[in-house]
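Chain by chain, the residues:
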Amino acid sequence: MSRSVWKGPFVDFGLLRSVVKSQSGKPSKDPLKVYSRRSLILPEFVGLEVEIHNGRGFQSVLIKEEMIGHYFGEFAPTRKMFVPKEKKKNKGKK
């Protein structure tokens, strides 16, 4: 279920403030840290490098134009993908 149109997109106020601050001042070398995974990506964020919190650490993501309208949490998976290990074969033993 999507958000009501009359409410507008949700963006955490602290995140929006830091993006506006980084655009108006000198560009910082270190990426912006985002804890708010529920915030929508707006057109103002395009071109920024952000680090999205995944519950354990941060994942570095470059915001592209195709990401507008999606949530930050969609680009930093929280669960580790299960990959089955290969069994070692005993050579020489019968």
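Identification of the protein as Small ribosomal subunit protein uS19c from Chloropicon roscoffensis is taken from an unreviewed UniProt entry. Word for word, the UniProt comment on the protein under Subcellular location (unreviewed entry) is "Mitochondrion". Per UniProt, the protein has the following entry under Sequence similarities (unreviewed entry): "Belongs to the universal ribosomal protein uS19 family."

Thoughts on the layout of surface pockets
A probe as big as a water molecule, rolled over the atoms, marks out the empty space that is left. Here the largest pocket defines a volume of roughly 200 Å³. Class assignment for the residues of the lining of the largest pocket results in four nonpolar, three polar and three charged.

Quick word on the pairing of strand β2 (residues 49-53)
The element β2 is extensively covered by neighbouring structure, given that four of its five residues are classed as buried. Bridging between strand β1 (residues 32-34) and β2 involves three bridges; their strand directions are parallel. Looking at β2, one finds that valine 34 is bridged to isoleucine 52. Pairing of β2 with strand β3 (residues 58-62), which is carried by five bridges, proceeds in the antiparallel orientation. Bridge pairing in β3 places valine 50 opposite valine 61. Between the end of β2 and the start of β3, which pair antiparallel, lie four residues, with glycine 55 showing a positive phi angle near 100°.

Description of the packing of aromatic side chains
Enumeration over the complete set of coordinates arrives at two aromatic pairs. Taken together, a centroid distance of 5.2 Å and an interplanar angle of 80° make the contact between tyrosine 35 and phenylalanine 58 edge-to-face. Taken together, the positions of tyrosine 35 in the loop between β1 and β2 and phenylalanine 58 in strand β3 put the pair 23 residues apart, joining distant regions of the chain. For tyrosine 35, a relative accessible area of 58% gives the class exposed. In this structure, lysine 33 is placed above the aromatic ring of phenylalanine 58, and the distance from its NZ or CZ to the ring centre is 4.6 Å.

Cut-offs and rules
Residues numbered from 1 in each chain as written. Predicted model: local features only at pLDDT ≥ 70, side-chain atom pairs only at ≥ 80, totals over all residues. Heavy atoms only, no water. UniProt positions renumbered as here; feature names shortened; annotations may be inferred. 1 Å grid on protein atoms, 1.4 Å probe; cavity = no way out; pocket = protein on both sides within 12 Å on 5 of 7 lines; lining within 4 Å. Points joined across faces, edges and corners; volume = space filled by probe spheres on them. Nonpolar A, V, L, I, M, F, W, Y, C, P; charged D, E, K, R; others polar. Buried < 20%, exposed > 50% of the residue type's maximum accessible area, 1.4 Å probe, protein only. Helix = DSSP H or I, 4+ residues; strand = E, 2+ residues; numbered from the N terminus. Pairing = 2+ DSSP bridges. Phe/Tyr/Trp six-rings, centres within 6.5 Å; stacked < 30°, edge-to-face > 60°. Lys NZ or Arg CZ within 6 Å of the ring centre and 35° of its normal.

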